[in-house]
Structures are given as C-alpha cells and as structure tokens.
Amino acid sequence: ITPIDAFFIRNNGHLPEIGEEKDWTLTIDGEVERPTVWTVAGLRQRFETVTVTAVLECAGNGRSQFSPATDGLQWRLGAVGCARWTGVRLADVVEHAGPKPSAVYTGHHGPDRQIVKPEKPALSRGLPMVKALAPETLIAFAMNGEPLPRLHGGPLRIVAPGYPGSAWQKWLDRISLRPFEHDGE
C-alpha cells in the first residue's frame, strides 16, 4: 500500500475550487429513467460502503523512455501507486437511476479546466457499461482509510481497476450515461 504522502499526483488542468464536502453534489443524468443528484452523505447513507485495493497508474508512466518520443508529461517511472479505495459501487448508483437500454457508456465530469483554454474541461473520460457495472468500480470518497484528499480527487473520484488513471475521474460531480462511447476531452 502506497502511503498518501508518497502517492503520485497528476492533474490535467487547474485544481478546481472545492468547498465543503457537505455542499458537494454528484448528478446522474443522460440515458436514465430517474436523473438524480446526490450529496456525499446521501451516497454513504443509501448505498453499501465497500473497499477495494487497487493500483492506479498514469497512462504516461515511463513516457520519457518511449521511442519514438511522445507528447505529454515526461514521466520517468513512479506514476503508479496502490491504495485502499473506499466508496460505493458505481453499479449501485447507476442501477438506482434506472439505466435505459440505450446506455452503452458513462461520461464522467469534474470542474477542473484546461490551463490554456479555461473555458474547456481539463479531462472527461468514461467507461463502457460492462466496466461501470463491475463490482470493483467505485465512486470513492476515501483513500487508505482517510477522507479522499483534494489532490487525489476529493471529495469524489472514480476508481476503475484495470483502466488507466485518466479513466479514474477526479473531483467527480456528474456522471452522464451515453448512447455511444463518451467523447469528452
């Protein structure tokens, strides 16, 4: 288990302003029968809390050694860590919203913005529904037994073991079920 203070940090834009956890909301919308808005406390109260031990790795880990060279942060090695992630299953939250048969992908959104183009989101990835509904995929609010730190996506982030770090959306404030593969930044 990688301690929080030694866990790598990678952001794709400006750190968003985060207020009190009690004021944070998560919207579930798109291809659902019951669009819903949750607070962190509401998620904790309504759904089973689970912990998954999983490795998070930046897709660019070791990028400085790629041949031919590629764009992006020139990581050497070290953009990988293993933590105990605690939260609720994304599947439970999606099922509560009543996914329509047309839902084939999730789109994840957060308030962080691009550094060069602040009018655009920094990053918005998603997951195929089969992965979104897998029991190990979480909406996490804790890391290694502590509230999820802001630098690691607190108060909410996606945990998607087996997928690159870019799919583990930080500062999660909206999940939109899509009728096609998500086309976010």
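Reference entry: report on the structure contained in this document. (Residues numbered from 1 in each chain as written. Predicted model: local features only at pLDDT ≥ 70, side-chain atom pairs only at ≥ 80, totals over all residues. Heavy atoms only, no water.)

1. Things to note about the side chain of Arg178
- Here Arg178 lies in strand S9 (residues 174–178).
- If we ignore the near neighbours within four places in the chain, the residues touching Arg178 are Glu31, Ser102, Ala103, Val104, Tyr105, Thr106, Gly107 and Asp183. (Helix = DSSP H or I, 4+ residues; strand = E, 2+ residues; numbered from the N terminus. Contact = heavy atoms within 4.5 Å.)

2. Section: the pattern of salt bridges
- The full count for this structure, using the stated rule, is seven salt bridges.
- Between Lys22 and Asp23 there is a salt bridge, with the nearest N and O atoms lying 3.3 Å from each other. Summarising the burial analysis for this pair, Lys22 and Asp23 share the class exposed.
- One continuous salt-bridge network, built from bridges that share partners, spans Glu48, Arg89 and Asp92. (Salt bridge = Lys/Arg side-chain N within 4 Å of Asp/Glu carboxyl O. Buried < 20%, exposed > 50% of the residue type's maximum accessible area, 1.4 Å probe, protein only.)

3. Observations regarding the sheet that holds strand S1 (residues 25–30)
- Taken together, the four strands give an open sheet; going across it, the order is S2-S1-S9-S5, and neighbouring strands pair in mixed fashion. Looking at the sheet topology across the chains shown, the edges are occupied by strand S2 (36–39) and strand S5 (105–109). For this sheet the average axis-to-axis angle between neighbouring strands, irrespective of direction, equals 20°.
- Contacting S1, S2, S5 and S9, helix H2 (residues 90–97) crosses the sheet at an angle of about 140° to S2. (Pairing = 2+ DSSP bridges. Axes fitted to C-alpha atoms, helices over the stretch in contact; angles between N-to-C directions.)

4. Remarks on the packing of aromatic side chains
- Going through the model one piece at a time under the given rule, you end up with four aromatic pairs.
- On the numbers, 5.9 Å between centres and 90° between planes, the contact of Phe7 with Trp85 is edge-to-face. Within this pair, whereas Phe7 is found in the segment before S1, its partner Trp85 is found in strand S4 (residues 80–89), the two being separated by 78 residues in sequence. Grouping residues by exposure puts Phe7 and Trp85 together as buried.
- Their ring planes at 70° and their centres at 5.5 Å tell us that Trp85 and Trp168 sit as a pair that is edge-to-face. Residue Trp85 is found in strand S4, and its partner Trp168 is found in the loop between strand S8 (157–159) and S9; the two are separated by 83 residues along the sequence.
- Overall, the relative accessible area of 1% leaves Trp168 in the buried class.
- Among the aromatic residues, ring-to-ring pairing joins Phe7, Phe8, Trp85 and Trp168 into one connected group.
- The ring of Phe141 carries the charged tip of Arg44 above its face, separated from the ring centre by 3.9 Å. (Phe/Tyr/Trp six-rings, centres within 6.5 Å; stacked < 30°, edge-to-face > 60°. Lys NZ or Arg CZ within 6 Å of the ring centre and 35° of its normal.)

5. Quick look at the environment of Glu31
- Topologically, Glu31 is positioned in the loop between S1 and S2.
- Judged by relative accessible area, Glu31 falls into the partly exposed class, the value being 21%.
- Other than its neighbours up to four places away in sequence, Glu31 contacts Gly98, Pro99, Lys100, Ser102, Ala103, Leu177, Arg178 and Pro179.
- At 2.4 Å, the side chain of Glu31 and the side chain of Ser102 are in polar contact. (Polar contact = N/O pair within 3.5 Å; in protein donor to acceptor, adjacent residues only side chain to side chain.)

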